[in-house]
Amino acid sequence: TAPTLTLPCKRERGRGSLKTQSSLKPPNTMTPHQLQDFLHRHIPACAALGIRVVSCSRSRVELLLPHAPNRNHKNTVFGGSTALGATVCGWALVHLNCPEAAGNIVIQSSEIRYTAPAHGDLLLSVRSPDAAEWAHCREMLARRGKGKINLAVSGFSDGVLAAEWAGRYVVLAA
């Protein structure tokens with residue numbers, strides 16, 4: 001089963017429904033420091049694994065997954081850490097592109113291909129799909145209360161492609 005990332009919710013009094021906290025809605029732009037702080041506060045595994053935001057915009061997100069806290073018994077980056085980092089990398093891009101969702105984004109499915117051992121830090125990078133795909137996602141979100149977007153993340157260690165990840169996110173109405 002693919003991992004699901006959800007963010008803290010609070011129950012609205014008297015209505016019985018779950019509402020995502022308004023503090024999860026990103027401003028029009030976030031600096032790498034702001035995004036990193038956000039991820040560390042709302043997805044604690046990011047802090048535990050030492051994930052750092054290298055750069056972020058609506059067109060691209062880059063995260064650094066340090067080797068030391070993520071190494072396995074072979075002294076390479078653990079595959080589970082790679083999968084989590086790639087999932088968060090894509091999640092962050094969706095978060096920056098769909099502020100109307102206020103963080104109400106989940107991973108629906110994903111797959112990863114490990115192409116080489118990661119002997120050093122892992123740089124994870126996701127590029128935005130074209131504007132038509134975002135427009136379709138937003139149109140479905142407005143019409144049906146949920147939109148979907150497919151993303152691809154690449155992971156490089158010491159300049160070598162170590163992992164290719166693909167996933168589908170579901171953006172839910174806030």
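Here goes a summary of the coordinates provided.

What counts, and at which threshold
- Residues numbered from 1 in each chain as written.
- Predicted model: local features only at pLDDT ≥ 70, side-chain atom pairs only at ≥ 80, totals over all residues.
- Heavy atoms only, no water.
- Pairing = 2+ DSSP bridges.
- Helix = DSSP H or I, 4+ residues; strand = E, 2+ residues; numbered from the N terminus.
- Axes fitted to C-alpha atoms, helices over the stretch in contact; angles between N-to-C directions.
- Contact = heavy atoms within 4.5 Å.
- Buried < 20%, exposed > 50% of the residue type's maximum accessible area, 1.4 Å probe, protein only.
- Left-handed = near helix turned anticlockwise from the far one by under 90°.
- Nonpolar A, V, L, I, M, F, W, Y, C, P; charged D, E, K, R; others polar.

Read from one edge of the open sheet, 6 strands run β3-β4-β6-β7-β8-β5, paired in antiparallel fashion. Of all the strands in the sheet, the pair left with one neighbour each is β3 (52-56) and β5 (105-114). This sheet shows a mean twist of 20° between the axes of neighbouring strands, independent of strand direction. Strands β7 (146-157) and β8 (160-172) of the sheet are contacted by helix α4 (residues 131-144), whose axis makes an angle of about 140° with β7.

So, about the pairing of strand β4 (residues 60-65). Among the 6 residues that make up β4, 5 are buried, leaving the element largely enclosed by the rest of the structure. Between β3 and the antiparallel strand that follows it, β4, lie 3 residues. With 6 bridges connecting them, β4 and strand β6 (residues 122-127) associate as antiparallel partners. In the sheet register, Glu62 faces β6, and the bridge partner there is Ser125.

What follows covers the pairing of β7. Side chains Gly147, Ile149, Leu151, Val153, Gly155 and Ser157 project from β7 onto a buried face, and the interleaved Lys146, Lys148, Asn150, Ala152, Ser154 and Phe156 project onto a face without burial. Inspection of the sheet shows β6 paired to β7 by 4 bridges, in the antiparallel sense. Bridged to Val126 within β7 is Val153. One ladder, built from 12 bridges, connects β7 with β8; its direction is antiparallel. Residue pairing in the sheet places Ser154 in a bridge with Glu164 of β8. In textbook terms, the turn of a hairpin is the stretch between consecutive antiparallel strands, and for β7 and β8 this stretch comprises 2 residues, one of which, Asp158, has a positive phi near 55°.

Take the packing of helix α1 (residues 32-42) against helix α3 (residues 79-97) next. The contact between α1 and α3 brings their axes to 12 Å, and the two run at 115°. For the element pair α1 and α3, the recorded crossing hand is right-handed. Residues Leu35, Phe38 and Leu39 of α1 form the contact with α3, whose own contacting residues are Val88, Trp91, Ala92, His95 and Leu96. The residue makeup of the contact of α1 with α3, split by class, is 7 nonpolar, 1 polar and no charged.

Fair warning: the whole summary comes from geometry, so function is off the table for now.
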